[in-house]
Amino acid sequence: MKFFADTAIVADIEELAQYGLLDGVTTNPSLIAKSGRDFKQVIAEICALTDGPVSAEVAAMEAPAMIAEGEHLARIADNVVIKLPLTLEGLKACRHFTAQGIRTNVTLCFSANQALLAAKAGATYISPFVGRLDDLGLDGMELIREIRMICDTYAFETEVLAASVRSANHVKEAAIAGAHVATVPPVVIKGLASHVLTDKGLAQFAKDWAETGQSIL
Ligand code: G3P
């Protein structure tokens, strides 16, 4: 499973890249607002840090304006992926970009039927929001399983990108459910390496090693 960093904070992306834990990046208007920075500048900086796909979301609501915005964003770098909302207008724009050979990420997906429409429109990625479904007492991971089954059954090339992933458990469950990608906040990605027994065991090894008085080099 690929890891995309779900953030618009360039320093966090740089750090993940150093650990080899960065397969791509997703942004959205809320993350851009949180960064307090210029959208296109941030996307250009992120694209310079990774060869992986970098999702940049359109703001328009009608297909012609989405297409104009997306074409503008696609010119920033070759690895920009145009993020479009899962609306009829967004699907229309998705078909346009698919025909142009420009990659797309169809976002704000909350049902298998929505995902099926995105796959039929040729979306490169479909982004079901697992955390927001869980917030409502629904089962976000069940949606990942359903979409993966649909994509496999009909051999759609669309990749299932688990989004609104908020915890280590979400990452594990998304992997088990067969998500091709999970987009995850950097703090959660880094947290995956932590375990209290790792810390405890390492402290004991360090103590015992010091008592040997030896050095390896
Ligand atoms: O990728 C979409 C994601 O950023 C949404 O996450 O936590 O706002 O539901 P959240």
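Residues numbered from 1 in each chain as written. Predicted model: local features only at pLDDT ≥ 70, side-chain atom pairs only at ≥ 80, totals over all residues. Heavy atoms only, no water.

Draft legend 1. Broad picture of the layout of surface pockets. Here the largest pocket defines a volume of roughly 360 Å³. As for the largest pocket, its lining consists of 22 residues, of which Asp6, Asn28, Leu31, Arg132 and Pro185 are closest to the centre. Ranked by residues supplied to the lining of the largest pocket, first place goes to helix 2 (residues 29-35) with three residues. Looking at the lining of the largest pocket residue by residue, the classes come out as eight nonpolar, nine polar and five charged. When its volume is computed, the second largest pocket comes out at roughly 170 Å³. As for the second largest pocket, its lining consists of Thr27, Asn28, Pro29, Ile32, Phe39, Lys40, Glu57, Val58, Ala59, Glu69, His72 and Leu73. Of all the secondary-structure elements, those providing two or more residues to the lining of the second largest pocket are helix 2, helix 3 (39-49) and helix 4 (63-74). (1 Å grid on protein atoms, 1.4 Å probe; cavity = no way out; pocket = protein on both sides within 12 Å on 5 of 7 lines; lining within 4 Å. Points joined across faces, edges and corners; volume = space filled by probe spheres on them. Helix = DSSP H or I, 4+ residues; strand = E, 2+ residues; numbered from the N terminus. Nonpolar A, V, L, I, M, F, W, Y, C, P; charged D, E, K, R; others polar.)

Draft legend 2. How the structure looks around the site of the ligand. The full set of residues close to the ligand is Asp6, Asn28, Phe129, Arg132, Ala163, Ser164, Arg166 and Thr183. Within the side chain of arginine 132, a nitrogen or oxygen atom sits 2.6 Å from an oxygen atom of the ligand. Contact distances for the ligand include 2.6 Å between an oxygen atom and a side-chain N or O atom of serine 164. Considered on its own, the ligand offers 310 Å² of accessible surface; in the complex 81% of this is hidden by protein. Its atoms largely coinciding with the cavity grid, the ligand occupies the largest pocket. Here the residues of the shell around the ligand are counted per class, giving two nonpolar, three polar and three charged. (Near = heavy atom within 4 Å. Polar contact = N/O pair within 3.5 Å; in protein donor to acceptor, adjacent residues only side chain to side chain. Areas by Shrake-Rupley, 256 points an atom, 1.4 Å probe, with all protein chains shown as cover. Sits in = over half its atoms within 2 Å of the grid points.)

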